[in-house]
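Take a look at the letters that make up each chain.
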Amino acid sequence: MDVHSTNYTLCAMEPVIGAEDRIFANIKVTPDYKNVLMFIENLKLKLGLNDTYDIECGYEAGCLGYSLYNQLTAAGVRCVILAPTTMLTQQGQRIKTDARDAVMIAQCLSYGGYHPVYIPTEEDDSVKEYLRMRDDHKLALKKVKQQINAFCLRHGHRYEKTKWTIAHLKWLKQLELSALYRETLDEYMASYDEQTAKIERFDKRIEELASQERYQEKVKKLGCFLGIKTHTALSLIVETGDFERFAKGNVYAAYLGLAPGERSSSDSINRLGITKAGNQHLRLLLIEASGGICKGAVGHKSKDLRQRQNGNPADVIAYADKANTRLRSRYYKFIRQGEREIAPPVLSDDAKKRSKAERLHCSRGKRVGVFYLGDDDRSYPNAESSLIHHGH
C-alpha cells in the first residue's frame, strides 16, 4: 500500500521465483481503512475460498503514523510498517508514481527486502507525543527569544552580560521606548512569559509520568549517566521501546543516525559526517546530553549527578561511573591530540617573508583542515574540531 493523506494505492501481488511476479490488482481508493478491508475480501473471492494463501499488508512509515496499522490489526489483518531507509529498491529508476511505489512495496513484502518499524504500545506512544509536544513549545520559546533580541538590536539596545537571567529580564522591562515600541516589546514579553509557564507545567507533568511504576526504575538507571535527566531518559525509553532489539551499541547508533558515513571506492577513501538517517528527536537529545561530558574533570561527580544516582543499585552506579570516566577521558584525549596536530609548523625565513597571512579551509563533514601559508601548504587532521573548541 502506498498511502497518503488524500488517497491509498493498493497493489495485490503474488511472488513468482524466476519469472515475472503476478499482479492481481493495482487500484487507487479514498483514504479509509474500510476500503482496504473490502479490497482484501474481493481478492479472497478472486483467489478462491478453498485455496491456501497468506495475505499480509504493509506501507511505508510516514504521515499516517501507526493509525492505519492499528485499524487493520484490530480488524484481524496482518500488517507491517516498512522502514523506508531499509527497503530494497531498483537503481536507476527515473519514473516515480503511486502505482509503481505500491508494486515496489509489495515486492519488498514478498521477498523480505525491508526491516519492520517497531510498534510501540498505546501508552508509550501517548507519552512520546506529550514529550514531543513539550519540545515543540521549547522551540517556540527559542523563537520568541530570538525575536526579542532582534527587536532590541534593531533599536540600538544591547545587553552585554548573560541573557535571559533575572537581571536581563529586569533590563528589558526598564528600557526607555516610545509608546508603540513599548507596547510591541510588552507583547513579545507576554509571549515569553506564557511559553515559560507552559514549559514549567509540562516539565512537572513529565516528572509525574516518569514516576509511574512502568518507567520509574529505567529512568533512575539512565539518570546515572552524565547529561541524562528525566526528559531525555523517558524519551529514550518510550521511543526506543525494546533495547534488546539492538545487539551492540554501534547498531543502536546507526538506528539513531549517529554512525559515521563513508563513500569509498577502490583506493579512494571518503569519510563523511554522521548519517542522520534515523530518529531525529532522540539524536538531538543525545547530542545535547553529550555536552555534559565536555565539562568537569575526569572522575568528578557533580551534586546533581550524585543526587540522580542516589537509590540505584551499586553495580548500576559503578557501571555508569565507568562509562562516564571513559567518555570524558576519550574526549580530553581527542582535544589534546588535536592541539598537538595543529601546532604551527616550523617555517624557513624565506617562507616567513613570503607570507604572514594564513587561512583555514575546513571541508564540510570532515575533521580535516588545511593551512595555507604563502606557497607552503600542509594538512593537519582534526584541525577543524580543535580550532572550534578553542574559539577560533
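Below you will find a few notes about this structure. Residue numbering note: each chain is counted from 1, following its sequence as written. Local features in this predicted model are restricted to residues of pLDDT 70 or higher, and side-chain atom pairs are both shown and tallied only at a pLDDT of 80 or more, whereas totals for entire chains, interfaces and linings draw on every residue. Note: side-chain values were computed over all heavy atoms of the structure, leaving out hydrogens and water.

**As for the pattern of salt bridges**
In step 1: Any Lys or Arg side-chain nitrogen located within 4 Å of an Asp or Glu carboxyl oxygen qualifies as a salt bridge. Counted by the stated rule, this structure contains 20 salt bridges.
In step 2: One salt bridge in this structure joins E208 and R205, with 3.1 Å as the shortest N-O distance. Taken together, the residues span about one helical turn, with E208 and R205 both in helix α6 (residues 179-210) at a distance of three residues.
In step 3: Look at E208 and you get partly exposed, because its relative accessible area is 45%. Secondary structure elements follow DSSP: runs of H or I of four or more residues count as helices, runs of E of two or more count as strands, with numbering from the N terminus. Per-residue accessibility, obtained with a 1.4 Å probe over protein chains only, is compared with the maximum for each type, and a residue is labelled buried under 20%, exposed over 50%, and partly exposed between these values.

**Looking at the packing of aromatic side chains**
In step 1: Stacked, edge-to-face and tilted labels apply to pairs of Phe, Tyr and Trp rings (six-membered ring for Trp) whose centres lie within 6.5 Å, assigned for plane angles under 30 degrees, over 60, and everything in between, in that order. Within the structure shown, the criterion is met by 10 aromatic pairs.
In step 2: Measuring from ring centre to ring centre gives 6.0 Å for Y130 and F202, while their planes differ by 80°; the resulting arrangement is edge-to-face. Of this pair, Y130 sits in helix α4 (residues 122-154) while F202 sits in helix α6, and the two are 72 residues apart along the sequence.
In step 3: What makes Y130 partly exposed here is its relative accessible area of 21%.
In step 4: A relative accessible area of 5% means that F202 is categorised as buried.
In step 5: Between Y331 and Y332, the ring centres sit 5.3 Å apart and the planes meet at 65°, which makes this aromatic pair edge-to-face.
In step 6: Residue class for Y332 comes out partly exposed when judged on its relative accessible area of 24%.
In step 7: Of the aromatic side chains, those joined through ring pairs into one cluster are F243, F246, Y252 and Y255.

**Digging into unusual backbone geometry**
In step 1: Of note in this structure, S266 is not a glycine but carries a positive phi near 55°.
In step 2: Here S266 is to be found in the loop between β6 (260-262) and β7 (271-274).
In step 3: Using a relative accessible area of 72% as the deciding quantity, one classes S266 as exposed.

**Details of the packing of helix α1 (residues 33-47) against helix α2 (residues 67-74)**
In step 1: For helices, the axis comes from a line fit to the C-alpha atoms of the stretch in contact; other axes are also lines fit to C-alpha atoms, and the angle between any two N-to-C directions lies between 0 and 180 degrees. At their nearest, the axes of α1 and α2 sit 10 Å apart, and the two run at 45° to each other. Taken together, α1 and α2 sit at an angle that is classed as oblique. α2 is crossed by α1, and the crossing has right-handed handedness. Where α1 approaches α2, its residues Y33, V36 and L37 are matched on the opposing element by L68, Q71 and L72.
In step 2: Tallied by class, residues from the contact of α1 with α2 come to five nonpolar, one polar and no charged. When an angle is under 35 degrees it counts as roughly parallel; over 145 it counts as roughly antiparallel; between 65 and 115 it counts as roughly perpendicular; any other value is oblique. We call a crossing left-handed when the near helix sits turned anticlockwise from the far one by less than a right angle, and right-handed when that turn is clockwise. Working rule for contacts: check all heavy atoms of both residues, and any pair within 4.5 Å makes them a contact. Residue polarity is assigned by list, with Asp, Glu, Lys and Arg as charged and Ala, Val, Leu, Ile, Met, Phe, Trp, Tyr, Cys and Pro as nonpolar; anything else, Gly included, falls into the polar class.

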